[in-house]
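Structure assessment
The residues making up each chain are set out below.
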Amino acid sequence: MMVDPTLAEMGKNLNEAMKILEDGRNASDPDADRQQFSRSSIPGPLQGDGQDVASILQLVQNLMHEDEEEDRPSHRMQNVGEQGHMALLGHSLAAYISVLDRERLRKLITRIASDTTLWLCRLFRYESGSAYYHEDDREGLLKVCRLVINTRYEDYSTEGYTVLNSRQPVIYQSATCRPGLGQHLCSQLALPLSSLCTVPCNTMFGSQHQMDIALLDKLIREDVETGKLPLLLIANAGTPGAGHTDKLGRLKELCEQYGMWLHIEGVNLATLALWEVSSPVTAATRSDSMTLTLGPWLGLPAVPAVTLYRHEDPALSLAAGLTSSQPVEKLRALPLWLSLQYLGQDGIVEKIRHSVELSQQLLEKLKTLASIKTSVEDELNSPVVVFRFSQETSAESSGASVEGYFAGEREVLDSLNRWLCERLAQLVPASGVDIVELEDEGTCVRFTPLMTAAALGTQRCDVDLLVERLTELVPVLNCTLRLRLDFREEVYRHSALSYVEDLSWPGLGAVRYEPRVEELTDSKRKLEVEKINSELLVKLGELDADLIFSTGLEFGPEKDCIFIGMATEDLDVAELVDTIADLGRDIEENGRLLENMTEVVRKGIQEAELQLQKDNQDKLMEEGVLRQIPLVGSVLNWFSPFQSTVKGKTFNLAAGSLDSTEPTYSMKAQTGGLSSPETPTSSAKRLPGQRLFRREGAGGSDSHSETSSVGQAEDFSRERFPQPTTPSPVPDEAVSVVPESPETPQVPAEPEPTQENGEVGTQEEERQPDGQDAPVEETGR
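Residues numbered from 1 in each chain as written. Predicted model: local features only at pLDDT ≥ 70, side-chain atom pairs only at ≥ 80, totals over all residues. Heavy atoms only, no water.

Another point: the overall build of the chain. Within the chain, the regular secondary structure consists of 24 helices and 17 strands. In the chain, the proportion of contacts linking residues at least 24 apart, taken out of those at least 6 apart, comes to 69%. Just so you have it, the chain exposes about 43900 Å², and 52% of that area is on carbon and sulfur atoms. (Helix = DSSP H or I, 4+ residues; strand = E, 2+ residues; numbered from the N terminus. Contact = heavy atoms within 4.5 Å. Areas by Shrake-Rupley, 256 points an atom, 1.4 Å probe, with all protein chains shown as cover.)

Shown next, in the form of structure tokens:
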């Protein structure tokens, strides 16, 4: 077989390039890559002799890993695979084919376009259709709108937008369509927003995510009566949010009645390739046009979206931009042409079937969970599963109603479901779950394997792991939701704490410590609150507990407060709040003690300065003026030494007082009237593995032992965080001083002269002072 050497070299280079880019950073010398990137990140002049392919690919690799850090796991990239290599090869081939002579190029692109269109129409049961390939998935609908305008307004090609003034066109879309889709069409078609009509969904009967057909019929009749022209209807075969399908058969009949164009889009269109298709989706084959996004469905990178349509006038299709006279533009289908041949019909069907089976597997398992409510129970073959943590379901399981459990319960449930989705995405990244906001249900977790499974390589074991992690997280959500009210009530019992109502926080709640000083101004009080709560957050973070303490959401409305994370069943809320209050009180009193000490030191320094001036004056009066003259004073002191009665002074920072230096020089040991208190350290009374804020008798490896009690836990809490009230006495090992106090223990002057303790008794006699003027002995221990 004759092989084009250029094609062979192209395939070889593509494989080598993919290996370089997929291998990640150079493991042997990662610093060299960073240095190379730092040099190349700043654009400079082009090198005169150019660079080789390997150097350029290395630069591309460094740019791809620009934001990655060594201590942070790399982002999960799409699993390209062999079919992805074929799609990437198609872009390289398109550039190569475009340089062929015109006749050969025309024959080749005609074959590629006709084959791809035929395969897609047969695969998705869309007979006698044409295809338009586009990069932006909205571009196909935009071209279809222009086709319909050219069809309904015969003079549009010559008169332009002025012919629209006779009868204003109206485009109808469902309220569950993609956000911004209708505005984009009006902007590109130069139509006013009044030409866009959004049809609400069902409110009484049927799914709340399906278009209300009766209301649509009424809106169309009203527009016709006012002289408007119903132009096009956009329906969903799988809404972007919940994956529900509109009643396409009834909508098609309504469009035929009023002469409207029916366009359908949605992820459920992929199921048309299966042998067994649900009847609501089968009606999509009767539509006038539909958009397919094969790239995410089949895991093909950089392949275009396809809009299949039916129209008999090629001139109008050319005027609308659905076909092109430029041969190069038809090469957009080349990556898809290569990929479809590589996968084959069985491979394509298997990928779509696998995604649908994953959805059904998850849906069946979710129905067995008590606190999880799904939103696709009426869609038997829907490839989209939407679920959320439900307060109502959890209330039914506990036998009590929690309707009106607290104000803003909808916002709290939304925050908890947002946390649930983030945790599931972290624990099971191969699942591809994401957050979706629905109008009626609120925040939900969405599982769309058709859009993610082919890229992430999702398997049935990943779904099992997702359900397993979900089963572990649901009790945490139930406990947190139940203990939020208890936490708020406990905070209200402490006058120094204020409860912060932040419904968007997914956790136990938020609290702020308020200083008890009333004479502070607003600005000083704000600074004091910020300082105390910042130190309190650091102290709480150092505790040996399972709770997470933080400053809350990055752009949250509440500042200078402490947010507590998710709670477990054995959490002792009362102990938690008491500890927060005690720690805050300790920090406040320590700060106040420091301020008082600062004032004492300042006054002591002033007193020392005055005493120093007085001593200088006394010295001058005693020694005389002659002794103050440098040379004369030295000679005079040599012949007639003078003994001054002015004694030195020492400033005691701990006591804030002036003391004489005479004891220092006479005893050669500096003593203080008051010793500084030592910082008490926490004693390790907990057993290994125990945590704070656990109720007595709670199960698990981290719970307290059976011999522990609440009183012991409270005593330990006080020992771990003592209140700095009065200084503790200095132990004997530091300095041996016998103050005049009746509490001083009386030690016998003479120990019993026994053979065993004779030597010890002698040491005791040496350590005991005989009177008040006894010298101080430093033991050095």
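Turning our attention to the sheet that holds strand β5 (residues 261–265). Pairing in this open sheet of seven strands is mixed, and the strands run β1-β7-β6-β5-β4-β2-β3 from one edge to the other. Looking at which strands have only one partner, the edges of the open sheet turn out to be β1 (130–134) and β3 (196–199). Averaged over neighbouring strand pairs, the angle between their axes works out to 20 degrees when direction is ignored. The pairing of strand β6 (residues 289–292) with strand β7 (residues 305–309) spans four bridges and is antiparallel. Counted as the bridge partner of Met290 is Leu308 from β7. On the sheet, helix α5 (residues 102–123) packs against β1 and β7 and is oriented at approximately 110 degrees with respect to β1. (Pairing = 2+ DSSP bridges. Axes fitted to C-alpha atoms, helices over the stretch in contact; angles between N-to-C directions.)

Attention shifts here to the packing of aromatic side chains. Inspection of the entire model under this criterion finds four aromatic pairs. Their ring planes at 55 degrees and their centres at 6.2 Å tell us that Phe124 and Trp297 sit as a pair that is tilted. You can see Phe124 sitting in the loop between α5 and β1 and its partner Trp297 sitting in helix α12 (residues 294–298), a full 173 residues away along the chain. Given a relative accessible area of 2%, Trp297 falls into the buried group. Positioned above the aromatic ring of Tyr126 is the side chain of Arg310, whose terminal nitrogen or guanidinium carbon lies 3.8 Å from the ring centre. (Phe/Tyr/Trp six-rings, centres within 6.5 Å; stacked < 30°, edge-to-face > 60°. Buried < 20%, exposed > 50% of the residue type's maximum accessible area, 1.4 Å probe, protein only. Lys NZ or Arg CZ within 6 Å of the ring centre and 35° of its normal.)

Structurally, Thr443 can be placed in strand β11 (residues 442–447). A distance of 3.3 Å separates polar atoms of two side chains, one belonging to Thr443 and the other to Arg418. Those residues within four positions of Thr443 in sequence are excluded, and the remaining contacts are Arg388, Asp414, Asn417, Arg418, Ile435, Val436 and Glu437. (Polar contact = N/O pair within 3.5 Å; in protein donor to acceptor, adjacent residues only side chain to side chain.)

Quick look at the pairing of β5 now. Taking burial as the measure, the five residues of β5 include five buried ones, the bulk of the element. Judged by which residues are buried, β5 turns out to be covered on both faces: Trp261, His263 and Glu265 on one side and Leu262 and Ile264 on the other are all buried. In the classification by handedness, the crossover that spans strand β4 (residues 229–236), the intervening helix α10 (residues 248–258) and the parallel β5 is right-handed. For β5 and β6, the ladder comprises three bridges, and the chain directions are parallel. Looking at the pairing, Ile264 lines up with Met290 of β6. (Right-handed = clockwise from strand over helix to strand, strands pointing away.)

Bringing the pattern of salt bridges into the picture now. Scanning all chains against the criterion turns up 19 salt bridges. Note that Asp137 and Arg178 form a salt bridge whose closest N and O atoms lie 3.1 Å from each other. One end of the pair, Asp137, is in the loop between β1 and α6 (139–152); the other, Arg178, is in the loop between β2 (169–174) and α8 (181–189), with 41 residues separating them in the sequence. Looking at Asp137, the relative accessible area reads 30%, which means it is partly exposed. Across the salt bridge formed by Asp464 and Lys365, the nearest N and O atoms sit 3.8 Å from each other. Of this pair, Asp464 sits in helix α18 (residues 460–492) while Lys365 sits in helix α14 (residues 334–366), and the two are 99 residues apart along the sequence. Residue Asp464 is classed as partly exposed on the basis of its relative accessible area, which comes to 36%. Residue class for Lys365 comes out partly exposed when judged on its relative accessible area of 32%. (Salt bridge = Lys/Arg side-chain N within 4 Å of Asp/Glu carboxyl O.)

Grouped together as the largest cluster of nonpolar side chains are 73 residues, with contacts concentrated most on Phe124 and Trp297. The element best represented in this core is α14, accounting for ten residues. Excluding anything up to four places from it in sequence, Phe124 contacts Leu269, Ala270, Leu272, Ala273, Thr285, Met290, Leu292, Leu294 and Trp297. In this structure, Leu358, Leu466, Leu477 and Leu481 belong to the second largest nonpolar core, which totals 31 residues. (Core = buried A, V, L, I, M, F, W, Y, C linked by side-chain atoms within 4.5 Å.)

The four strands are arranged β8-β9-β11-β10 in an open sheet whose pairing can be described as antiparallel. On the outer flanks of this sheet lie β8 (372–374) and β10 (434–438), each paired with one strand and no other. If you compare each strand with its neighbour and ignore which way they point, the axes differ by 40 degrees on average. Summarising the sheet, strand β9 (residues 385–389) and β11 pair through three bridges and their orientation is antiparallel. Within β11, the residue paired with Phe387 across the bridge is Val445. Relative to the sheet, α14 contacts β8, β9 and β11, its axis offset from that of β9 by approximately 30 degrees. Set on the sheet, helix α16 (residues 409–427) makes contact with β9, β10 and β11; between it and β11 the angle comes to about 20 degrees.

The phi dihedral of Ser128 falls on the positive side, at around 55 degrees, and the residue is not glycine. Looking at the element boundaries, Ser128 is found in the loop between α5 and β1. Its identity as a non-glycine residue notwithstanding, Ala302 has a phi of 60 degrees, on the positive side. Within the secondary structure, Ala302 sits in the loop between α12 and β7.

Time to look at a nonpolar patch on the surface. On the surface, Ile629, Leu631 and Val632 cluster together to form a nonpolar patch covering roughly 280 Å² of accessible area. Residue placement: Leu631 occurs in helix α21 (residues 630–639). According to the relative accessible area criterion, Leu631 is exposed, its value standing at 70%. (Patch = residues over 30% accessible without salt bridge, like charges linked within 9 Å, V, L, I, M, F, W, Y side chains within 5 Å.)

The pairing of β2 with β3 spans four bridges and is parallel. Residue pairing for β3: Tyr172 is matched across the bridge by Cys197. The handedness of the β2 to β3 crossover, carried by α8, is right-handed.

Another point: α18. In this model α18 runs 49 Å from its N-terminal to its C-terminal C-alpha over 33 residues, within 8% of the 48 Å that 1.5 Å per residue would give. The sharpest bend along α18 reaches about 35 degrees and sits at Leu483. (Expected span 1.5 Å × (residues − 1). Bend = angle between axes of the 7 residues up to and from the residue.)

Among the secondary structure elements, Asp346 is positioned in helix α14. Of the residues examined, Asp346 reaches a relative accessible area of 66% and is grouped as exposed. A sequence separation of 72 residues divides Asp346 from Leu274, and the C-alpha atoms of the two residues are 10.0 Å apart.

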